[in-house]
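Understanding the architecture of this molecule
The lines below spell out each chain.
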Amino acid sequence: MSETMRAVEITEPGGPDVLKLCDRPMPQAQPGQVVIKVAYAGVNRPDALQRAGAYAPPPTASDLPGLECAGEIVALGEGVSGWAIGDQVCALLPGGGYAEYVATPAAHCLPVPKGMGLKEAACLCETYFTVWSNVFQRGGLKAGERFLIHGGSSGIGTTAIQLAREFGARVFVTVGSQEKAAACARLGAERTILYKDEDFVEVMRAEGGANLILDMVGGSYIPRNLSALADDGRLVQIAFLQGPKVEVNFAQVMTRRLTLTGSTLRPQSDLAKAKIAESLLENVWPLLDAGKIGPIMDSEFDLANAADAHARLESSGHIGKIVLKVA
C-alpha cells in the first residue's frame, strides 16, 4: 500500500465549502484495531457539526470527518481475533471515514448483512448504534407503546421507524412535507404529523400521549415534548438543532413520573460501543440479513464532492441516508 491516501479535511470551521481534498498519511492498526480500505462512507449530521466547529472530535480520534463506513479489512492490529484480512465489514468509526483508509477498533466492526452491497452497508452503523442504544436500551421501547419520532424522514428517523415497527410499537412521526410523510408511512408510521400545519402535542394527547419520544430538535420542542408524553413517559434527547437551553417546569416531571434522558455516541468508551455492537449483532442483524429492514438511500456523491453532500444534508430536503463513494 502507498504511504499516503486521499482524504477530505476540514480546512477551517465554516460551511460546506471548507471541505477540501488532501493527502494524508496512511493510518496504522494499533492494538485491537483494524484498518479498512473504505468503499463508501456515510454522511451524518455530526459531520456537519464538526465541520462548523460545533462538535470537536475526541482527543485520540482523527480530525477527519466520517463516523461510519463499509469496505475491506487490509490490516490487523495486535490482539485482533474474529476478523481476517479481506473480510468485508461495516464499521462505526471514531472519525476519519472521509478517506481511502481508516483505522477503528475491531470490536466496532460488523459483518455486511446478507444480500446487501457496501454502499448500503456504509449507512448502517452510525444510525443503528444510535437508534438501538437510545430507543431500545436507554428508552426501553416495548411492543404496543406509542412512539413519537421527530424528523421521521432523516437517517435516524427512517431507521427508528423500521425497528419500532418490527418490535411491535405504534409509530408516530413529525415531518416537513407530504413527500416525507408518504415515505414514512410506507416504512410503517401509523400517523405522520406535518409540523408546519399540526401541533404534535395535540395529536399525541388525543392518542393518550406518547410513551416514548425520540428528539433531535431540542429548544422549544423540549417543553412541548413533556406535554406530549403520557404519564410515566420517557423523552430521549440525541441532538439539539434548536439549541440545548430552554425553560422547563419540572413539577410535571415529578407529578407525572416522566423520565428525561439522552446520549451522544461518539464520546462513549470503546467498550460501551463494543457492547452496543454485540447487542446489534444478536437482535438487529438477523432482521437485516432477512431483508426485513435496511437503510433508506437518498443520494450518492464522490469523495471529492463531499461539500455537495453536506449541502444536501443541511438543505433538509433529503429522505434517508447520504453516502460518499470513496473507492
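Placed above this text is the structure.
Right, let's walk through the structure included here. (Residues numbered from 1 in each chain as written. Predicted model: local features only at pLDDT ≥ 70, side-chain atom pairs only at ≥ 80, totals over all residues. Heavy atoms only, no water.)

**Some remarks on the sheet that holds strand β12 (residues 229–237)**
In space, the six strands of this open sheet follow the order β10-β9-β8-β11-β12-β13, with parallel pairing throughout. Looking at the sheet topology across the chains shown, the edges are occupied by β10 (191–194) and β13 (259–262). Between one strand axis and the next, the sheet turns by 20 degrees as a mean value, whatever way the strands run. Lying over the sheet, helix α4 (residues 155–166) contacts β8 (146–150), β9 (170–175) and β11 (210–215), oriented at roughly 165 degrees with respect to β8. Lying on the sheet, helix α7 (residues 221–228) is in contact with β8, β11, β12 and β13; it crosses β12 at an angle near 145 degrees. (Pairing = 2+ DSSP bridges. Helix = DSSP H or I, 4+ residues; strand = E, 2+ residues; numbered from the N terminus. Axes fitted to C-alpha atoms, helices over the stretch in contact; angles between N-to-C directions. Contact = heavy atoms within 4.5 Å.)

**Observations regarding the pairing of β10**
Inspection of the sheet shows β9 paired to β10 by four bridges, in the parallel sense. Residue pairing across strands places Val173 opposite Thr192, the latter belonging to β10.

**A short note on empty space enclosed by the protein**
Considering all chains together, one arrives at one cavity of 30 Å³ or more under this definition. Around the largest cavity, the lining residues are Leu67, Leu92, Leu93, Glu126, Leu265, Arg266 and Lys273. Class assignment for the residues of the lining of the largest cavity results in four nonpolar, no polar and three charged. (1 Å grid on protein atoms, 1.4 Å probe; cavity = no way out; pocket = protein on both sides within 12 Å on 5 of 7 lines; lining within 4 Å. Points joined across faces, edges and corners; volume = space filled by probe spheres on them. Nonpolar A, V, L, I, M, F, W, Y, C, P; charged D, E, K, R; others polar.)

**Regarding helix α5 (residues 178–187)**
Along α5, the residues that are buried comprise Lys180, Ala181, Ala183, Cys184 and Leu187. Seen from one end, α5 has its buried residues packed into an arc of 160 degrees, which puts them on one side. Those residues of α5 that are exposed and angled more than 90 degrees off the buried face are Gln178, Glu179 and Arg186. Of the residues trailing α5, Gly188 is marked for its positive phi of about 125 degrees. (Buried < 20%, exposed > 50% of the residue type's maximum accessible area, 1.4 Å probe, protein only. Arc of directions from axis to C-beta.)

**Brief notes about the state of the cysteines**
Each disulfide consists of one covalent bond between the sulfur atoms belonging to two cysteines. Under the counting rule described, the total for this entry stands at zero disulfides. Left unpaired, Cys109 is separated from the closest cysteine sulfur, that of Cys69, by 7.5 Å. According to the relative accessible area criterion, Cys109 is buried, its value standing at 5%. Unpaired in terms of disulfides, Cys123 finds its nearest cysteine sulfur in Cys125, a separation of 10 Å. (Disulfide = S-S within 2.5 Å.)

**Some thoughts on the environment of Gly155**
Structurally, Gly155 is set in helix α4. Spatially, the C-alpha atom of Gly155 lies 5.1 Å from that of Lys321, the residues being 166 residues apart in sequence. For Gly155, the contacting residues outside a window of four places in its chain are Thr127, Gly320 and Lys321.

**Looking at the pairing of strand β15 (residues 321–325)**
Among the five residues of β15, four are classified as buried, and the element is accordingly described as predominantly covered. Bridge count for strand β3 (residues 33–43) against β15 is four bridges, and the pairing is antiparallel. In the sheet register, Gly42 faces β15, and the bridge partner there is Val323.

**Re the side chain of Gln237**
Tracing the chain through its elements places Gln237 in strand β12. Side-chain polar atoms of Gln237 contact the side chain of Asp215, separated by 2.7 Å. Beyond its immediate stretch of four places on either side in the chain, Gln237 contacts Asp215, Met216, Val217, Gly218, Ile222, Thr261, Gly262 and Ser263. (Polar contact = N/O pair within 3.5 Å; in protein donor to acceptor, adjacent residues only side chain to side chain.)

**Structural notes on the side chain of Asn134**
Along the chain, Asn134 turns up in helix α3 (residues 125–138). There is a polar contact of 2.9 Å between the side chain of Asn134 and the backbone oxygen of Thr130. Contacts of Asn134, omitting those with residues within four sequence positions, involve Gly139, Val236, Ile238, Gly262 and Ser263.

**Regarding the environment of Cys184**
If you trace the backbone, Cys184 turns up in helix α5. Once the C-alpha coordinates of Cys184 and Thr158 are considered, the two residues, 26 residues apart in sequence, prove to be 7.0 Å apart. Sequence-distant contacts of Cys184, that is, excluding residues within four places in its chain, are made with Gly152, Ser153, Ile161, Val173, Val175, Ala189 and Thr192.

**Topic: the nonpolar core**
By size, the foremost hydrophobic cluster in this structure holds 52 residues, and its most contacted members are Phe129, Phe147, Leu214, Leu280 and Val284. At seven residues, α3 tops the list of elements feeding residues into this core. The contact partners of Val284, leaving out residues within four places of it in the chain, are Tyr128, Trp132, Leu163, Ser279 and Ile293. Counting residues in each nonpolar core, the second largest holds 27 residues, with Val34, Val80, Val102 and Cys109 among its members. (Core = buried A, V, L, I, M, F, W, Y, C linked by side-chain atoms within 4.5 Å.)

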